[in-house]
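Observations on the three-dimensional arrangement
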Amino acid sequence: MIKLVRPRLITFDVTGTLLMTKLEEYYAEIGSQHGLSVDSRKLARSFKNNFHRLSLEHPIYGKHTGIGWENWWRQIVHNVFKDQHSSVSDATLDKVANNLISCYGTSMCWHKYPGTIELLEYLQKRGLILGVISNFDERLEAILEDTRIRFYFSFVLTSYDFGVEKPDTSIFDEALRLTKEQHRIDVAPQEAIHIGDSVNNDYIGAKNSNWNALLIQHDSDTTSEKKVPTEDVFRNLRDLRIHLSTLLNRDMQCA
């Protein structure tokens, strides 16, 4: 007989998991307010390339290299718009960057995926401890407050505050430590589930920490099936809630 351990802690990634944004739309809208028209497709490609490059040069939003998260994002905005407007002044780009940084610290630029509230309410009512583990900067607490989901979570653990980012196992260990500190209980790794949208950061990071893991891929089909079993992949939060309900309700013994 193999005993399946009932989960006591469930942690979530945030962006791409619980909250979504329309990056091209907001960048284009705020750029246009300062006279900068952009090609949305070029913008999305430029953002992805610049985000990847800057993440290598200044990991964890510049936490350890001295530029800090605000200047990290300011550099992203400058680079993205200069790719299409090479002669635009830094003063104009600073205004665009300041507006975007402010917008992305609120619910103006973030929206809940369908099923977010229903999932969090269900898990909270079942008595599970909920937390956040996110590769994000210092704005995340304010974002969760403004989108009205912060109160569901016992703790919010960001890579910027902790100084280490997923998939490093130490950030998952820190989540267990925070759980013990706040609830006075020891949760074993096998009693924890992490849910996120990144195969490497979320799924493999959690598995390498001896946690259980589930992957959410909202209405997309980009998962490497070789890395993630199909039964661990969900296309929306409703299906995920049904799965967790089955997990919590069934007899936790199986052959």
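Before reading further, recall that the structure is shown in the block above.
Everything in this summary refers to the structure shown in the same document. This one's a predicted model, so the numbers in the text were calculated from it and none came from an experiment.

**Quick notes on helix α10 (residues 199-208)**
Of the residues making up α10, those classed as buried are V199, D202, Y203, G205 and A206. Where α10 is buried, its residues meet α9 (169-183), β7 (192-196) and β8 (212-216). Taken from the residues just after α10, N210 is the one with a positive phi, measuring 70 degrees.

**A word on the pattern of salt bridges**
Counted according to the given criterion, the structure contains 11 salt bridges. In this structure, E57 and R53 form a salt bridge, with 3.1 Å as the shortest nitrogen-oxygen distance. Of the two residues, E57 and R53 are both situated in helix α2 (residues 40-57); the distance of four residues between them amounts to about one turn of the helix. Judged by its relative accessible area of 33%, R53 is partly exposed. One salt bridge connects R139 with D137, and the closest N-O pair in it is separated by 2.8 Å. Through salt bridges with shared partners, a single ionic network connects D13, K166 and D202.

**Comments concerning the pairing of β7**
Counting buried residues in β7 gives five out of five residues, a clear majority hidden from the surface. Neither face of β7 is left uncovered, since the one carrying A192, H194 and G196 and the one carrying I193 and I195 both have all their residues buried. With four bridges connecting them, β7 and β8 associate as parallel partners. Paired with H194 across the two strands is A213, which belongs to β8. A crossover connection joins β7 to the parallel β8 through α10; in handedness this β-α-β unit is right-handed.

What counts as what
Residues numbered from 1 in each chain as written. Predicted model: local features only at pLDDT ≥ 70, side-chain atom pairs only at ≥ 80, totals over all residues. Heavy atoms only, no water. Buried < 20%, exposed > 50% of the residue type's maximum accessible area, 1.4 Å probe, protein only. Helix = DSSP H or I, 4+ residues; strand = E, 2+ residues; numbered from the N terminus. Contact = heavy atoms within 4.5 Å. Salt bridge = Lys/Arg side-chain N within 4 Å of Asp/Glu carboxyl O. Pairing = 2+ DSSP bridges. Right-handed = clockwise from strand over helix to strand, strands pointing away.

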